[in-house]
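# Understanding the architecture of this molecule
In case you want the letters, here they are:
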Amino acid sequence: MTATTGAAQPAQPERPGRSDGVCSEFTVFTEIKPGEADALREDLTALADATDDERVHAALRQIGTLHDARHVIFDNGTRFMFASVFDGSWDTYIDDFAKTVVGDRFDKVFSHSEGFPGVSDPGVKDWFVAHQEPAGVFVSAYPDLTVQQIFKDHRVDDAFQEVLDTPEFRAALENPANAELVATPAFQKLLEEASA
């Protein structure tokens, strides 16, 4: 019989990595399989070219939590680093990649790393944890903005800029009936921000 303390156990184990607000960092260092550095370089070149592929951007929008990512070969072609910044839970972040075209590309790139089991393998999270090194310092320029909020802000800005460019909006600004609204500090701030 096992005694319980009544304390709730976390749904997911503690994962390495630092956070700043809603943003978390993920940095993995691996050993490149002997003789595979050039093949990895080729796959990274193909991956870089694929970032122009709408399917990759659609997959990243579907994942919806990746701020940025970078792949680096170093130590004379013997080691590889993948680093990214994401929102939300570490486990969900790893799971989400496996479900998209990005997961296939990860498999191809990481297949050059010693011991990589494959992004869909049940042991892949343990492999990543074993190769992850938390940053000594991690700072985000926008720690309170998720990728989804940034996407929304961009869409709202685009729509607002379209409105600003219409003759109807100019006419509304100049209409004396709207003078009180236009003079409010909030409206003036909105116009200042839009013109910055």
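Right, let's walk through the structure included here. (Residues numbered from 1 in each chain as written. Predicted model: local features only at pLDDT ≥ 70, side-chain atom pairs only at ≥ 80, totals over all residues. Heavy atoms only, no water.)

## A look at helix α2 (residues 54-63)
Of all the positions in α2, only Val 56, Ala 59 and Ile 63 are classed as buried. Buried residues in α2, looked at end-on, bunch into an arc of 60°, giving them a common side. Those residues of α2 that are buried are in contact with α1 (37-50), α3 (90-98) and α4 (101-110). Two residues or fewer after α2 comes Gly 64, characterised by a positive phi angle close to 70°. (Buried < 20%, exposed > 50% of the residue type's maximum accessible area, 1.4 Å probe, protein only. Helix = DSSP H or I, 4+ residues; strand = E, 2+ residues; numbered from the N terminus. Arc of directions from axis to C-beta. Contact = heavy atoms within 4.5 Å.)

## A few points about the packing of aromatic side chains
Inspection of every chain in the model, using the stated rule, returns 19 aromatic pairs. Between the aromatic rings of Phe 110 and Phe 128, the centroid separation amounts to 5.5 Å while the plane-to-plane angle is 85°, which identifies the pairing as edge-to-face. Here Phe 110 is found in helix α4, whereas its partner Phe 128 is found in helix α5 (residues 124-131), with 18 residues between them in sequence. Of the two residues, Phe 110 and Phe 128, neither departs from the other in class, the shared state being buried. In textbook terms, an aromatic cluster arises when at least three aromatic residues are bridged by ring pairs, as seen for Phe 26, Phe 80, Phe 82, Phe 86, Trp 90, Tyr 93, Phe 97, Phe 106, Phe 110, Phe 116, Trp 127 and Phe 128. (Phe/Tyr/Trp six-rings, centres within 6.5 Å; stacked < 30°, edge-to-face > 60°.)

## Remarks on the nonpolar core
By size, the foremost hydrophobic cluster in this structure holds 26 residues, and its most contacted members are Phe 26, Phe 80, Tyr 93, Phe 110 and Phe 128. Broken down by secondary-structure element, the contributors of at least two residues to this core are β2 (23-31), α1, α2, β4 (79-87), α3, α4 and α5. Core analysis: the second largest hydrophobic core is formed by 7 residues, Leu 173, Val 182, Phe 187 and Leu 191 among them. (Core = buried A, V, L, I, M, F, W, Y, C linked by side-chain atoms within 4.5 Å.)

## Considerations on the pairing of β4
Taken residue by residue, a regular strand's side chains alternate between the two faces of the sheet. Taking burial as the measure, the 9 residues of β4 include 8 buried ones, the bulk of the element. In the sheet, strand β3 (residues 66-74) pairs with β4 via 8 bridges, with the strands oriented antiparallel. Residue pairing for β4: Asp 68 is matched across the bridge by Val 85. Counted along the chain from β3 to the antiparallel partner β4, the turn is 4 residues long, and its residue Asp 75 has a positive phi close to 55°. (Pairing = 2+ DSSP bridges.)

## A few points about the sheet that holds β4
Pairing is antiparallel across the open sheet formed by 4 strands, whose spatial order is β1-β2-β4-β3. Either end of the sheet is taken by a strand with one partner, and the two such strands are β1 (19-20) and β3. Sitting on the sheet, α1 touches β3 and β4, and the angle it makes with β3 is about 155°. (Axes fitted to C-alpha atoms, helices over the stretch in contact; angles between N-to-C directions.)

## Examining α5
Those residues of α5 not exposed but buried are Val 124, Lys 125, Trp 127 and Phe 128. Take α5 and look down its axis: the buried residues cluster within an arc of 160°, on one side only. More than 90 degrees from the buried face of α5, the exposed residues found are Asp 126 and Ala 130. Buried residues along α5 sit against β2, α3 and α4.

These results come straight from atomic positions and should not be treated as a statement about function.
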